[in-house]
Amino acid sequence: MIKIFKKHENFIYSLTAIVLAFLVGSVLIHLSGFSVIKAYSALFDGAFGNVFNLTQTFMNTIPLIFTGLAVAIGFKSGLFNIGGEGQMYLGAFATAIAAIYLNFLPGYILIPLVLIIGGLAGSIWSFLPGYLKAKTGAHEVVTTIMMNYIGILITSYLLLKYFKENSPIPQTVLIPESARLPELIEYSRLTWAIFIAIFVIIIIDIFFKRTKLGYKIQTVGENRSAAEYAGINSNKMMVLSMMISGFVAGLAGATIVMGVLHRFITNFSPGYGFTGIAVAVLGKNKPWGVLFAAFLFGALQTGGITMQLFAKIPMDLMVVIQGLVILFVAAPILIKKLLRK
Amino acid sequence: MHEILDVIFNINTFSAAIRISVPLVFAAIGGVFSERAGIINLGLEGMLLAGAFAGVLGSYLTGNPYIGVLFAIICGAFIGFIFALFTIKFEANHVVAGVGLNILLLGITTWLMQILWGSRGTSVNVTGLNEITIPVLSSIPVLGKLFGSHNILVYLMFIVVIISWIILFKTPFGLRLRVIGEHQEAADTLGIKIRKIQYTSLIFSGILCGLGGAYLSLGHLNWFSMNMSAGRGYMALAANIFGGWNPLGAFGASYLFAYTDALQMRMQALNLNVPNEIIQMIPYILTILVLAGAMIRSRPPAGLGKHYKTNR
């Protein structure tokens, strides 16, 4: 029994953290005068109740895989990139604009090209916090938060000034058909993006497990002075990991534009970048862990909407649960104490 | 050009900056106290937000804004204690726990707002803090305009800046606090009650953020709105660093941020040829520049972010 426990220690802690978060959540639901059973059953039904809801859950999982991976990649080098939201906006914006202007290209060139452009836009946005952290030690949490505000403002400015569709809604025109990701199930908005996400998970997993560069980045994250002693340029590794992280966050925006919205719209995100923090923390910064955590939070996001619509319970409960999950996972000693009792 | 210079050196801009600086100053000094005790406090943001909410709640329930301020103080103290529990007792990573706390408090305040007032945007209007005019001071030309008429939290802020500085640098408690931030093991060996001091300073940090939050909602707008702290907690942390982990420095840095913010708002009203989105970015860009600039020349407390187990 103890042996099994030891082997799956991390998993058991994460699971306990989730259960605890839901328990605290139910106290809040109850105190606010709602039925806990009604709330959680509406949540469950909304996330998994029928095929349509399930595809919605998968659709919400995809950006969370990217933003969660982005945070996890930063963590590998010891950096906490909470700028995923801004990097995602830049990625979405660049992808939409590139797709609109390069509409003469055939799909098999256009799709990978605008994906990469979206990723690079994210990279550009994460470069500065990485560079400043390496050069001056400026805390990346503060700088990435500021870059979020700047990123959302700048995309909205550029949109309104140069690229707005001729309508009252602040959005671009639709991107060409050739740049859209094909749907897996008709009318579901669940597209090939899911395979791109899984492909990126595999690549990142291999990168950190099998390549020298990935190993170097992790060494910096674990012990910067030891890494320096071993001849690794830790500054370079930090900037690099921030840029990879930003690239992946940019892909979140790119795939939303290519698969779901088919255009750039201001304020399109329900906070995927921030939920990515909870995803990475719960997934213990492991690529496959991120997949499961993203699915959980994708389900919460989808179910939360149903809960609000039909049970009239504010969906901000999901934000509460995210915060609790992060706090509980960050404090394994608390869980250890609880489990021992 | 003449118009811009007019705004830059206008007494009203300086006076507006005092008002805007209040939440930043409180939170930045909250940051000074926790970071001097070795705890990285990104939770400032959530604490401000919760303080703003508690202030409005108190005023809503009793009709008295001063009870609202009391609510904010109690709420801040409680959250400071919870944050201390997680970072000290449960040895959570300070940065992760701080961000988790912020997300949690954003969720809880938005949730409660909908339960209480049925809206996700803003709360109902409540009674805010009234302005207090100081008789003689208010009639002096420049000083009167700057300091003559404010609500109680503004005056309290000036007192807090000075008292915090005295506590930190002129009292045995402050000395012990600073030793803990530099080297917990050494402090422990000296017989300093590390835990007690750390808990105290985090609770104090929470109280200060509560006051800053109460100013945001009760001193400024008289209502609460979703995520109304809008990154000020993070800016305050940067101001704390730029100010060299010193209450006086934190005040100066916060005032600088506030001044740019005041300038930004006035420039928007000027109808210059610069788009508003670009003007709105100025405080955020400045925060990044200032933080990067400050880090080159200053040194954080050596034990910041580290966990240490006492044997007692």
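Residues numbered from 1 in each chain as written. Chains lettered and ligands numbered in written order. Predicted model: local features only at pLDDT ≥ 70, side-chain atom pairs only at ≥ 80, totals over all residues. Heavy atoms only, no water.

Each helix and strand in chain A was counted, giving 15 helices and zero strands. Against the compact-globule benchmark of 20 Å for 341 residues, chain A has a radius of gyration of 20 Å, which places it among compact chains. In terms of principal-axis extent, the alpha carbons of chain A reach across some 65 × 60 × 30 Å. Taking the intrachain contacts of chain A between residues at least 6 apart in sequence as the baseline, contacts between residues at least 24 apart amount to 75%. When the accessible surface of chain A is summed, it comes to about 14800 Å², and 69% of that surface belongs to carbon and sulfur atoms. Both charge centroids of chain A, one from 25 positive and one from 12 negative side chains, sit 11 Å from each other. (Helix = DSSP H or I, 4+ residues; strand = E, 2+ residues; numbered from the N terminus. Rg over C-alpha atoms; globule rule 2.2 N^0.38 Å. Contact = heavy atoms within 4.5 Å. Areas by Shrake-Rupley, 256 points an atom, 1.4 Å probe, with all protein chains shown as cover. Lys, Arg positive; Asp, Glu negative; His and termini not counted. Charge placed at Lys NZ, Arg CZ, Asp CG, Glu CD.)

As a further point, take the overall build of chain B. Across its full length, chain B carries 13 helices and two strands. Based on the C-alpha atoms only, the size of chain B along its principal axes is roughly 65 × 45 × 40 Å. Here chain B holds 312 residues, and the buried ones make up 55% of them. Contacts spanning at least 24 positions in sequence make up 76% of the contacts within chain B whose residues lie at least 6 apart. As displayed, chain B offers around 12300 Å² of accessible surface, 66% of which is attributable to carbon and sulfur atoms. Of note, chain B has its 18 positive side-chain charges centred 12 Å away from the centre of its 11 negative side-chain charges. (Buried < 20%, exposed > 50% of the residue type's maximum accessible area, 1.4 Å probe, protein only.)

All names here are of chain B. Applying the stated criterion to the full structure yields zero disulfides over all chains. C209 provides the cysteine sulfur closest to C75, a residue in no disulfide bond, and the two sulfurs are 11 Å apart. You can call C209 buried: its relative accessible area is 0%. (Disulfide = S-S within 2.5 Å.)

Residue and element names in this part refer to chain A. Applying the stated criterion to the full structure yields one cavity of 30 Å³ or more. One number sums up the size of the largest cavity: a volume of about 30 Å³. Around the largest cavity sit N10, Y13, S14, K284, F328, V329, P332 and I335, which together line it. At the level of secondary structure, the elements contributing two or more residues to the lining of the largest cavity comprise α2 (9–31), α14 (317–330) and α15 (332–340). (1 Å grid on protein atoms, 1.4 Å probe; cavity = no way out; pocket = protein on both sides within 12 Å on 5 of 7 lines; lining within 4 Å. Points joined across faces, edges and corners; volume = space filled by probe spheres on them.)

Looking at the second largest pocket, its volume works out to about 1200 Å³. Lining the second largest pocket are 34 residues, and of these G78, L79 and E140 of chain A together with N93 and V95 of chain B lie nearest its centre. Going through the elements one at a time, α9 (212–222), α12 (272–282) and α14 of chain A together with α5 (94–117) and α11 (232–242) of chain B are the ones with two or more residues in the lining of the second largest pocket. Among the elements that take part in the lining of the second largest pocket, α5 of chain B stands out by supplying three residues, more than any other. For the lining of the second largest pocket, the class distribution of residues is 20 nonpolar, nine polar and five charged. (Nonpolar A, V, L, I, M, F, W, Y, C, P; charged D, E, K, R; others polar.)

Residue and element names in this part refer to chain B. Across its 24 residues, α5 extends 34 Å between first and last C-alpha, which sits within 8% of the 34 Å expected from 1.5 Å per residue. Judged by how many residues are buried, α5 sits mostly within the fold: 19 of 24 residues are covered. At the N-terminal end of α5, a side-chain oxygen is found 2.9 Å from the backbone nitrogen of V95, two or three residues along, and the residue is N93. Directly beyond the C-terminal end of α5, a positive phi value near 65° is found at G118. (Expected span 1.5 Å × (residues − 1). Polar contact = N/O pair within 3.5 Å; in protein donor to acceptor, adjacent residues only side chain to side chain.)

Right, let's talk about unusual backbone geometry for a bit. Residues and elements named next belong to chain A. The phi dihedral of K312 is positive, around 60°, even though this residue is not glycine. With respect to the helices and strands, the residue K312 is situated in the loop between α13 (287–310) and α14. Using a relative accessible area of 60% as the deciding quantity, one classes K312 as exposed.

In this section: the pattern of salt bridges. Tallying each qualifying case throughout the model produces six salt bridges over all chains. Across the pair D316 of chain A and R120 of chain B runs a salt bridge whose closest N-O atoms are separated by 2.9 Å. Residue D316 of chain A is found in the loop between α13 and α14, and its partner R120 of chain B is found in the loop between α5 and β1 (131–133); the two belong to separate chains. Residue classification places D316 of chain A among the buried residues on the basis of a relative accessible area of 2%. The class of R120 of chain B is partly exposed, set by a relative accessible area of 38%. Among the salt bridges present, the one from R19 of chain B reaches E131 of chain B, with a minimum N-O distance of 3.3 Å. Highlighted residues: R19 of chain B in helix α2 (residues 11–36) and E131 of chain B in strand β1, separated in sequence by 112 residues. (Salt bridge = Lys/Arg side-chain N within 4 Å of Asp/Glu carboxyl O.)

In this section: the domain arrangement of chain A. All names here are of chain A. Taken domain by domain, chain A consists of domain 1 (1–34 + 313–341) and domain 2 (60–312). Using C-alpha coordinates to define each centre, domain 1 is positioned 27 Å away from domain 2. Residue-level contacts link 15 residues of domain 1 with 17 residues of domain 2. Carbon and sulfur atoms make up 73% of the area that domain 1 and domain 2 hide from each other, which totals about 1500 Å². Among the residues of domain 1 in contact with domain 2, I313, M315 and Q322 are the three that bury the most area, contributing 37% of the side total. The interface formed by domain 1 and domain 2 contains zero salt bridges. The interface formed by domain 1 and domain 2 includes four residue pairs in polar contact (both at pLDDT 80 or more). Listing elements by their share of the side of domain 1 that touches domain 2, those giving two or more residues are α2 and α14. Here the side of domain 1 that touches domain 2 gets seven residues from one element, more than from any other, and that element is α14. Residues belonging to the side of domain 1 that touches domain 2 are distributed by class as follows: twelve nonpolar, three polar and no charged. (Domains from an automatic or database assignment. Buried area = accessible area lost by both parts, 1.4 Å probe.)

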